[in-house]
Amino acid sequence: RNEMMMTRLFLLALAAVGAERECVVSSLCELCRPEELKLPYCAKTHRRVQLSCRTGGDRSIDFEPCEATPQDEAFGVLRFEGLMLTVGAFSAYVVSRRKLRYSTLYERRARAATAQDGTASSCL
């Protein structure tokens, strides 16, 4: 995904400055520093990617906005896993409550007998 995003940014950079200028993405997407937040490339997404550009014999470093840093993607995965854990725990709770509520009279009596005797019933 990062490679696709970097290629797209490279092509956008070439289209924006013309064909005589060659730019190569030289860093991953990263958060902007606080002093950069008002600059055009950081104002929209608060993230930037560094471009190394060459015009004829001159070299320069430019920045372009980008969408997501690797840390953002890792946090998204953790957030998804937390959500799935919550849904799984809630589902297990609901299933156990329904199992108790809709158990047959035979199962209720066997459970009550097991609780009184303290022994396991082999009839379940």
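Coordinates for the structure precede this section.
So, how was this worked out
Residues numbered from 1 in each chain as written. Predicted model: local features only at pLDDT ≥ 70, side-chain atom pairs only at ≥ 80, totals over all residues. Heavy atoms only, no water. Helix = DSSP H or I, 4+ residues; strand = E, 2+ residues; numbered from the N terminus. Buried < 20%, exposed > 50% of the residue type's maximum accessible area, 1.4 Å probe, protein only. Contact = heavy atoms within 4.5 Å. Areas by Shrake-Rupley, 256 points an atom, 1.4 Å probe, with all protein chains shown as cover. Core = buried A, V, L, I, M, F, W, Y, C linked by side-chain atoms within 4.5 Å. Disulfide = S-S within 2.5 Å. Salt bridge = Lys/Arg side-chain N within 4 Å of Asp/Glu carboxyl O.

1. Quick word on the overall build of the protein
Link 1 in the chain: The number of helices and strands found in the protein is four helices and four strands.
Link 2 in the chain: Traced from its N-terminal end to its C-terminal end, the protein shows the element sequence α-β-β-α-β-β-α-α.
Link 3 in the chain: Looking at the protein residue by residue over its 124 residues, the buried ones come to 19%.
Link 4 in the chain: Of all intrachain contacts in the protein linking residues separated by at least 6 positions in sequence, the fraction that spans at least 24 positions is 39%.
Link 5 in the chain: If you sum the accessible surface of the protein, you get close to 9,600 Å²; carbon and sulfur atoms cover 60% of it.

2. Structural notes on the nonpolar core
Link 1 in the chain: In this structure, C23, V25, C29, V49, L51, C53 and C66 together form the largest nonpolar core, which totals seven residues.
Link 2 in the chain: When residues of this core are traced back to their parent elements, those giving at least two are β1 (21-25) and β3 (47-55).
Link 3 in the chain: Of all the elements, β3 adds the most residues to this core, at three residues.

3. Digging into unusual backbone geometry
For residues other than glycine, phi is negative in most cases, and the peptide bonds are mostly trans.
Link 1 in the chain: For H46, which is not glycine, the phi torsion reads 65° and is therefore positive.
Link 2 in the chain: For H46, the position within the fold is in the loop between α2 (40-43) and β3.

4. Looking at the state of the cysteines
Each disulfide consists of a covalent bond between the sulfur atoms of two cysteine residues.
Link 1 in the chain: Applying the stated criterion to the full structure yields three disulfides.
Link 2 in the chain: Two residues share a disulfide in this structure: C23 and C53, whose sulfurs sit 2.1 Å from each other. Every disulfide takes its handedness from the sign of the S-S torsion; for C23 and C53 that torsion is 110°, giving right-handed. Note that C23 is positioned in strand β1 and C53 in strand β3, a separation of 30 residues in sequence. We note that C23, like C53, is buried.
Link 3 in the chain: Disulfide pairing is shown between C29 and C66; the S-S distance is 1.9 Å. Its S-S torsion of approximately 85° makes the covalent link between C29 and C66 right-handed. With C29 in the loop between β1 and β2 (30-31) and C66 in the loop between β4 (58-65) and α3 (70-101), the pair connects residues that are 37 residues apart, well separated along the chain.
Link 4 in the chain: For the protein, the bonded cysteines pair up as 1-5, 2-6, 3-4 when numbered in the order they occur along the sequence.

5. Things to note about the pattern of salt bridges
Link 1 in the chain: Counted according to the given criterion, the structure contains six salt bridges.
Link 2 in the chain: With a shortest N-O distance of 3.1 Å, R48 and E30 are connected by a salt bridge. In this pair, R48 sits in strand β3 while E30 sits in strand β2, placing the two residues 18 residues apart along the sequence.
Link 3 in the chain: A relative accessible area of 5% places R48 in the buried class.
Link 4 in the chain: Classification of E30 as partly exposed rests on a relative accessible area of 30%.
Link 5 in the chain: Where R33 meets E36, a salt bridge forms, and the shortest distance between an N and an O atom there is 3.1 Å.
Link 6 in the chain: A single network of salt bridges, built from pairs that share partners, joins E30, R33, E35, E36 and R48.

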